[in-house]
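Each chain, letter by letter, is given below.
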Amino acid sequence: MTDARDEIGRQLIVFLPNMRRFGYTLTRNMDSADDLVQAACEKALANASGFTPGTRFDSWVFRIMRNLWIDQIRKGKSAGQAEDIDTQIDLVGTDGAREAHARMDLGDVSRAIAALPDDQREILLLVCAEDMSYKEVSELLGIPIGTVMSRLARARKKLVEGGGINADARRSQPEEDGHGS
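Here's what I pulled together on the structure shown here. (Residues numbered from 1 in each chain as written. Predicted model: local features only at pLDDT ≥ 70, side-chain atom pairs only at ≥ 80, totals over all residues. Heavy atoms only, no water.)

For the protein, the count of helices and strands is eight helices and zero strands. The secondary structure elements of the protein, listed N-terminal to C-terminal, are α-α-α-α-α-α-α-α. Out of the 181 residues belonging to the protein, those deemed buried represent 30%. Long-range contacts, defined as pairs at least 24 residues apart, comprise 65% of the intrachain contacts of the protein with a sequence gap of at least 6. Of the roughly 12400 Å² of accessible surface on the protein, 52% is carried by carbon and sulfur atoms. (Helix = DSSP H or I, 4+ residues; strand = E, 2+ residues; numbered from the N terminus. Buried < 20%, exposed > 50% of the residue type's maximum accessible area, 1.4 Å probe, protein only. Contact = heavy atoms within 4.5 Å. Areas by Shrake-Rupley, 256 points an atom, 1.4 Å probe, with all protein chains shown as cover.)

Two elements in contact, helix H7 (residues 134-141) and helix H8 (residues 145-162), have axes whose closest approach is 8 Å; the angle formed by their N-to-C orientations is 105 degrees. With respect to H8, the axis of H7 lies roughly perpendicular. Of the residues in H8, those in contact with Tyr134, Lys135, Val137 and Ser138 of H7 are Ile145, Val148, Met149, Leu152 and Arg156. The residue inventory of the contact of H7 with H8, partitioned by class, reads six nonpolar, one polar and two charged. (Axes fitted to C-alpha atoms, helices over the stretch in contact; angles between N-to-C directions. Parallel < 35°, antiparallel > 145°, perpendicular 65-115°, else oblique. Nonpolar A, V, L, I, M, F, W, Y, C, P; charged D, E, K, R; others polar.)

Among all positions of H7, only Glu136, Val137, Ser138, Leu140 and Leu141 are buried. Once H7 finishes, Gly142 follows within two positions and takes phi at roughly 70 degrees, a positive value.

Moving on, we come to unusual backbone geometry. Of note in the backbone geometry, Arg28 takes a positive phi value of approximately 65 degrees without being a glycine. Within the element layout of this structure, Arg28 appears in the loop between helix H1 (2-27) and helix H2 (30-46). A positive phi is found at Asp131, a non-glycine position, where the angle reads about 60 degrees. Along the chain, Asp131 falls in the loop between helix H6 (118-129) and H7. Asp131 sits in the exposed class, given a relative accessible area of 62%.

So, on to H6. Under the 1.5 Å per step criterion, the end-to-end length of H6 is 16 Å for twelve residues, consistent within 8% with the ideal 16 Å. Phi for Asp131, located one or two positions after H6, is positive at around 60 degrees. (Expected span 1.5 Å × (residues − 1).)

Before going further, it helps to examine the nonpolar core. Among the nonpolar cores identified, the biggest contains 37 residues, and Met19 and Met65 are the most heavily contacted of them. With eight residues, helix H3 (residues 57-79) is the largest single contributor of residues to this core. Not counting residues within four places of it along the chain, the set of residues in contact with Met65 comprises Met19, Phe22, Gly23, Leu26, Leu36, Val37 and Ala40. (Core = buried A, V, L, I, M, F, W, Y, C linked by side-chain atoms within 4.5 Å.)

Next up on the list: the packing of H6 against H7. A packed helix pair is summarised by two numbers, namely the angle formed by the two axes and the spacing between the axes. Contact pair H6 / H7: the axes reach a minimum separation of 10 Å and the direction vectors enclose 135 degrees. In terms of axis orientation, H6 runs oblique to H7. The element H6 and its partner H7 pack so that their crossing is right-handed. Of the residues in H7, those touching H6 at Glu122, Ile123, Leu126 and Val127 are Tyr134, Val137, Leu140 and Leu141. A per-class count over the contact of H6 with H7 returns seven nonpolar, no polar and one charged. (Left-handed = near helix turned anticlockwise from the far one by under 90°.)

This brings us to the pattern of salt bridges. Evaluation of the coordinates by the stated rule reveals eleven salt bridges. With its nearest N and O atoms 2.8 Å apart, the salt bridge here joins Arg121 to Asp118. Taken together, the residues Arg121 and Asp118, both in helix H6 and three residues apart, mark about one turn of the helix. (Salt bridge = Lys/Arg side-chain N within 4 Å of Asp/Glu carboxyl O.)

Now the structure itself:
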């Protein structure tokens, strides 16, 4: 049992950047994402025997994270509304984390991704950043492959629009060479 926990622990350490990225995609807040990653690591280590060797580790961890996030959302709804510290104007000092993240802002594309609906943003990250197949995402989220494909297509379209890309522009087509039509 200890060997399984040790191996899961090693894999989690290597996979932390992916977990933080997925956590941020779910929570839209780096502090909350870090809390979610920590909770997911704890749960994965506690349930190391639940991982089946030979299956995808990333899918297993992402499922743990997503289930924890859903539980947090449900818990938050019953707990009532929390005060958002970012809306407070009378706090003293600077927010170093906010300043650091502002420097890492990727511009229009980053804002366009953040503006996507949760279901589209989640699929975009899993397919494009985590390189999961449509089938794997379908199984992870418990939705049909067609739904994965349509959400991804809508997300891509919104990114094109939000990124200021002219969707009407011709795509890498050869220029007319004067041979007539």
